[in-house]
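Below are the chains, spelled out letter by letter.
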Amino acid sequence: MNPDNKLNVPDRIAGLSDLAYNLWWSWNPNARNLFKEVDRSFWKSTGHNPVRLLKEIPYHQLVACAEETAYLESYDAAIAGYRDSLSTTKTWFSTTYPQHADKSIAYFSLEFAVHNSLPLYAGGLGVLAGDYCKEASDLGIPIVGVGFMYPQGYFHQHISQNGWQEEFYEQLNFDNVALTRVCSPDGKMLTVQVRLDSTAIQVAAWLLNLGRVRLYLLDTNLEENPPAYRGLSARLYGGDREMRLLQELVIGLGGVRMLNALGIRPAIWHANEGHCSFMLVERVRELVKGGASTESAVKEVKATSVFTTHTPLPAGNDAFPLDLIDQYFHDYWVHLGITREEFMKLGTTQDDGSSFNMTVLGLKLADYRNGVSKQHGRVCRKMWHKIWPDVPEEAVPITSITNGVHLPTWAAPQFQMLFQRFLGEDWKVRQDSPGLWDNLHNIPDELMWAMHRWLKLKLISAILDRARQRWSQDKVAAVQPLAMGALLDTEALTIGFARRFTGYKRASVLFKDTDRLKKILSNDLKPVQIIFAGKAHPNDEDGKRLIQQVYSYARDPEYGGRIAFVEDYDLHMARDLVSGVDVWLNTPRVLMEASGTSGQKASVNGVINLSVLDGWWFEGYNKLNGWAVDEKDTGDAADYDNRTANAIYGLLEDHVIPLYYDRDINGTPHGWVKMMKESIHSNSPFFNTSRMAKQYTGQFYIKALEYISQNK
Ligand SMILES: *Cc1c(COP(=O)(O)O)cnc(C)c1O
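Please read these numbers as outputs of a predicted model, since none were measured by experiment.

S.K.: Teacher, can you tell me more about the overall build of the chain here?
M.R.: When you go through the chain residue by residue, the secondary structure sums to 29 helices and 20 strands. Considered along the principal axes of its C-alpha atoms, the chain spans approximately 80 × 70 × 55 Å. Here the contacts in the chain between residues at least 6 apart in sequence split such that 73% fall between residues at least 24 apart. On the chain, roughly 27500 Å² of surface is accessible, and the fraction owed to carbon and sulfur atoms is 50%. Each charge sign in the chain was given a centre, from 74 positive and 83 negative side chains, and these centres are 2 Å apart.

Below, the structure written as structure tokens:
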């Protein structure tokens, strides 16, 4: 640990300083409470950021904690738990695969969503990567993460009075977050070089501790670099194609060189999505430089690499014009011992030679390849059959490992308490055994319902808080707090819809028949309300128009304040939403949702899914644990949308609303709670990162390690 990071904390509770610099605290409630208990309102005002808390809180408050017996008891227990969890040699990985305990596995991703204080993610891809690293820590899987440090990250979202998305960027204050500069043994900032066209740029790194997992975040904002390149790592997805190519060059080439400089020698390399595929090429270069033939270098890289694809579209967002590749790689392929044509072939297919596709590159240079749900695996095999034209489609070598979510991050503390009490103290360790969850049925309906209601109140109060702030600080027009949810009703059946706003997710499909929808929402005895949230990519005009459309309904008195659009969807609001609404709605165009994970987060909190049968829900739905829309997409978009909308209205009218409002004399909806329990019981043992990480380990990492040791 960098001594600069020692915060000024009384000796008796000095461990708080270490803990603040390891996000382990964020998914372990006992550790989290140590910061919260210092001063709840101060804690909230820092955005739940312990580094800021410890720096800014008056010192005498820390002294008071250090003298309070009850605080010290919690402190000693939580710190012991922390130290034990970091130092134990008896993890799942080391006991299952003792012969590989000394290996390390590099995991590259352009996004990591780990905490709201660090703006390193735009959406689902980042959440998955963050959840995966936390799980790797819990299981002792020897992952080392490589990503980017974006001081401005992804944008914050405001919605103007006429419903248009406004983007603004905040500059991160590095002193106030849990990052440490990576230095060489002599104490100087460690840098590596990457040549971009004719300029050599310096790349430095920050270290972020996620439990046992170290995450190295690359940074080009250094004085040594020309101004044009300093901003390279400023924002996530902020620039044009060229900027994006440069970012991918830096993470791919710079990432490999940084691990080298740190003396880390991963046995296995995992690229999370095509953004990081240049990492594979760079490793070929290294091997060739070390004397290997191109052929054997490629063979070795393939045998030690895992590539996970997340998109159901051939181009996705990640292909580059060949002239850009020429510009930046013209003197690079020489070092691989290959010609321009051979290099271009790595990123192109027979039928599309016009752009260099990062997914194709990943598929061609990694022997272990997967999509992120069963359905998505099939889509990928079909889509990429052209790379393996000689085998039947079913035999295309892309398998699938279905995504999951990190349950200690996404299960609300109230539900974690229930699990601890009714499933057992060790529920986290046993989360992927279906039998564990059978005891859910011992939870009294009243108790589960009370927890759920509490979380719903918490959500609505958080939404009102945001609306109030915008009203009082930014003096927005009076209609805006209403559109943001000021009229939400704590008793109404509440549907949540929160995700990226983009065409295929069809956020506005519910408004296909506005008369029928109004009737559903405005039933005085059985009211229904819908909460929307989500950002559109800054360059996605269609996505922004979708937001505008939804916002126009939210501000329309005809809907009686029963539609709300919550601004600036982020990790924090996501936690509140997936645990505080009653129903989680998802309406993707079928075959377009690779997996989706927000519905998995909802299900562990007893929030019931109503979703198009796609992505993970295609595997999760069992007729008792929620509702499914199973309409075929025949290519006629308007007709498909109408059928989808009608199916949803029908489900709401005939099933969802009656079940929700069927109460006993104390107000408990037993039928509903039964379905909540079924949702948790059937989904949670499978759609978690524990099951997922064990699958990656067994099917990929260990197989690759064994293959290498047999072929040495
Ligand atoms: C989980 C999550 C997502 C991904 O949700 P999907 O349903 O997979 O689209 C996006 N953004 C945030 C903030 C999340 O927490």
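Now, onward.
S.K.: Mind showing me how you'd approach the packing of aromatic side chains here?
M.R.: To describe a pair of aromatic rings, you give the distance between the ring centres and the angle between the ring planes. Here the structure, examined in full by the defined rule, presents 42 aromatic pairs. Measuring from centroid to centroid gives 4.5 Å for Phe174 and Trp206, while their planes differ by 25 degrees, and the two rings are stacked. With Phe174 in the loop between strand E4 (165–168) and strand E5 (180–181) and Trp206 in strand E7 (residues 199–210), this residue pair connects regions lying 32 residues apart in the sequence. Ring geometry for Phe511 against Tyr553: centres 4.0 Å apart, planes inclined by 5 degrees, an arrangement best described as stacked. With Phe511 in the loop between strand E15 (493–498) and helix H22 (514–521) and Tyr553 in helix H23 (residues 541–554), this pair connects stretches of sequence that are 42 residues apart. Overall, the relative accessible area of 5% leaves Phe511 in the buried class. Among the aromatic residues, those joined into a ring-pair cluster are Phe497, Phe501, Phe511, Phe532, Tyr551, Tyr553, Tyr559 and Phe565. A cation sits over an aromatic face here: Lys601 above Trp410, 4.1 Å from the ring centre. The side chain of Arg691 reaches across the aromatic face of Phe686, ending 3.9 Å from its centre.

S.K.: Sorry if this is basic, but what is going on with the domain arrangement of the chain here?
M.R.: Interface extent is often summarised as the accessible area lost during association of the parts. One can read the domain layout of the chain as domain 1 (11–87), domain 2 (101–403 + 693–710) and domain 3 (421–686). Relative to domain 3, the C-alpha centre of domain 2 lies at a distance of 33 Å. The partner domain 3 presents 41 residues to the 35 residues of domain 2 that form the contact. When the two sides are added together, the surface that domain 2 and domain 3 hide from each other amounts to roughly 3200 Å², 53% of it contributed by carbon and sulfur. In this structure, the connection of domain 2 to domain 3 is made through two salt bridges.

S.K.: Would you take a moment to explain the side chain of Lys535 for this structure?
M.R.: Structurally, Lys535 is set in the loop between strand E16 (528–533) and H23. Residue classification places Lys535 among the buried positions, given a relative accessible area of 12%. At 2.7 Å, the side chain of Lys535 and the backbone oxygen of Phe155 are in polar contact. When neighbours within four sequence positions are excluded, Lys535 is seen to be in contact with Tyr154, Phe155, His156, Gln157, Gln165, Arg499, Arg500, Phe501, Ile547, Asp568 and Tyr569.

Cut-offs applied
- Residues numbered from 1 in each chain as written.
- Predicted model: local features only at pLDDT ≥ 70, side-chain atom pairs only at ≥ 80, totals over all residues.
- Heavy atoms only, no water.
- Helix = DSSP H or I, 4+ residues; strand = E, 2+ residues; numbered from the N terminus.
- Contact = heavy atoms within 4.5 Å.
- Areas by Shrake-Rupley, 256 points an atom, 1.4 Å probe, with all protein chains shown as cover.
- Lys, Arg positive; Asp, Glu negative; His and termini not counted.
- Charge placed at Lys NZ, Arg CZ, Asp CG, Glu CD.
- Phe/Tyr/Trp six-rings, centres within 6.5 Å; stacked < 30°, edge-to-face > 60°.
- Buried < 20%, exposed > 50% of the residue type's maximum accessible area, 1.4 Å probe, protein only.
- Lys NZ or Arg CZ within 6 Å of the ring centre and 35° of its normal.
- Domains from an automatic or database assignment.
- Buried area = accessible area lost by both parts, 1.4 Å probe.
- Salt bridge = Lys/Arg side-chain N within 4 Å of Asp/Glu carboxyl O.
- Polar contact = N/O pair within 3.5 Å; in protein donor to acceptor, adjacent residues only side chain to side chain.

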